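# Secondary and tertiary structure notes
What follows is each chain in one-letter form.
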Amino acid sequence: MYLPQTLTRQKLKSVNKAGQHKMAEAKPPMKIAVMGASGRMGRALIRAVIENENATLCGATEQNGSPAVGSDAGTLAGLEPAGCLVSDDAEATIAAADAILDFTVPAATVSFARIAAANGVAHIIGTTGCSNEDEKQIADAAGKTAIVKAGNMSLGVNLLTALTAKVAAALDTDFDIEIVEMHHRHKVDAPSGTALMLAKAAAAGREVDLEDKAVRTRDGHTGPRPAGAIGMQTLRGGSVVGDHSVIFAGEGERITLSHHAEDRSIFARGAVKAAVWARDKEPGLYSMIDVLGL
């Protein structure tokens, strides 16, 4: 056999061994279950799992009594049948998975966190509106399994979060910070999880406590704007997927950082990316900043 001078037989053996070793290390697609399968985000998550070559849909759940229970998850999401039926047995579904994707409601998320922790299943949380007690229980569960929790799973928003912290650190309190968010009329929590994520980034950049600086509502005779305040304004209407802007307003100039989500698939793809990243990770509470290496 002819071998180029740059590739000796010894090197060829090494290359072959390396290739065989790499093949031996290849892992099967990650088994992922979607919680809350029939919602807008649930259906988007199912599509994202099915379309990802590193993942396989192993389960999907809905609450007891939902008309979606017993239906094929692929069909529910507008795709070809996936051979995976929607179940109302969250415990069995979670136990059979490597990871679960959860964009449900706080009470359900806390329950899922306990089950996932008991089974060593990675838990990807996009649920917003969690209370301090909910957050504590999720953090406790993270002592037993990898949890990735973020108010927003998109690459763009997480870049926006990183930029917000940097700009806030670079500008002093002569620049007022206002965060404006708009979502569809059906969203039940306000401000959005993303707006809170951005506000926390701004506070971290300025090295202040957000709870001391946050202004969430203004009505009536409020007086002058407090120096150093971080304002959050909420808009709701129509079918808006998610718009967020961080405004740094100074004397005679204004800097605006914005992100506009046009399709829920960006959040779903980010969630699947987080699940694959969390495979074999040590127990702990992670964010999309960790997943994206930002």
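Refer to the preceding data block for the structure.
### Topic: the overall build of the protein
Looking only at helices and strands, the protein has 11 helices and 12 strands in total. Oriented by its inertia axes, the alpha-carbon framework of the protein measures out at about 85 × 60 × 35 Å. Considering only residue pairs separated by 6 or more positions, the protein has 67% of its internal contacts joining residues 24 or more positions apart. For the protein, the computed accessible surface area is about 15500 Å², with 51% contributed by carbon and sulfur atoms.

### Focus: unusual backbone geometry
In this model, A190 is joined to P191 through a cis peptide bond whose omega is -10 degrees. For P191, the location among the structural elements is in the loop between β7 (176-183) and α8 (193-206). Not every positive phi belongs to a glycine, and E207 is a case in point at roughly 60 degrees. On the basis of relative accessible area, E207 is assigned to the exposed category, the value being 74%. If you check the backbone angles, D280 has positive phi at about 65 degrees while not being a glycine. Relative to the elements of secondary structure, D280 occurs in the loop between α10 (265-278) and β12 (284-286). Owing to a relative accessible area of 60%, D280 belongs among the exposed residues under this scheme.

### Considerations on the environment of L85
Looking at where L85 falls in the secondary structure, it is placed in the loop between α3 (73-76) and β3 (86-87). Judged by relative accessible area, which is 54%, L85 ranks as exposed. Ignoring anything within four residues of it in the chain, the contact list for L85 reads A60, G70, S71 and D72.

### Examining the sheet that holds strand β10 (residues 242-250)
One open sheet holds the five strands; their spatial order is β8-β9-β7-β10-β11, and the pairing between them is mixed. Looking along the sheet, the strands with just one partner apiece sit at the ends: β8 (214-215) and β11 (253-261). As defined by bridge partners, β7 adjoins strand β9 (residues 230-236) across seven bridges and the pair is classed as parallel. Among the inter-strand pairings, M182 is bridged to a residue of β9, identified as L235. The sheet strands contacting helix α7 (residues 155-170) are β7, β10 and β11, and the helix crosses β11 at an angle near 160 degrees.

### Side note on the packing of aromatic side chains
This structure, assessed with the given rule, holds one aromatic pair. Pairing W277 with Y286 gives two aromatic rings, centres 5.1 Å apart and planes at 80 degrees, and the pair type is edge-to-face. Lying across the ring of W277, K281 places its NZ or CZ 4.4 Å from the centre.

Criteria and thresholds
Residues numbered from 1 in each chain as written. Predicted model: local features only at pLDDT ≥ 70, side-chain atom pairs only at ≥ 80, totals over all residues. Heavy atoms only, no water. Helix = DSSP H or I, 4+ residues; strand = E, 2+ residues; numbered from the N terminus. Contact = heavy atoms within 4.5 Å. Areas by Shrake-Rupley, 256 points an atom, 1.4 Å probe, with all protein chains shown as cover. Buried < 20%, exposed > 50% of the residue type's maximum accessible area, 1.4 Å probe, protein only. Pairing = 2+ DSSP bridges. Axes fitted to C-alpha atoms, helices over the stretch in contact; angles between N-to-C directions. Phe/Tyr/Trp six-rings, centres within 6.5 Å; stacked < 30°, edge-to-face > 60°. Lys NZ or Arg CZ within 6 Å of the ring centre and 35° of its normal.

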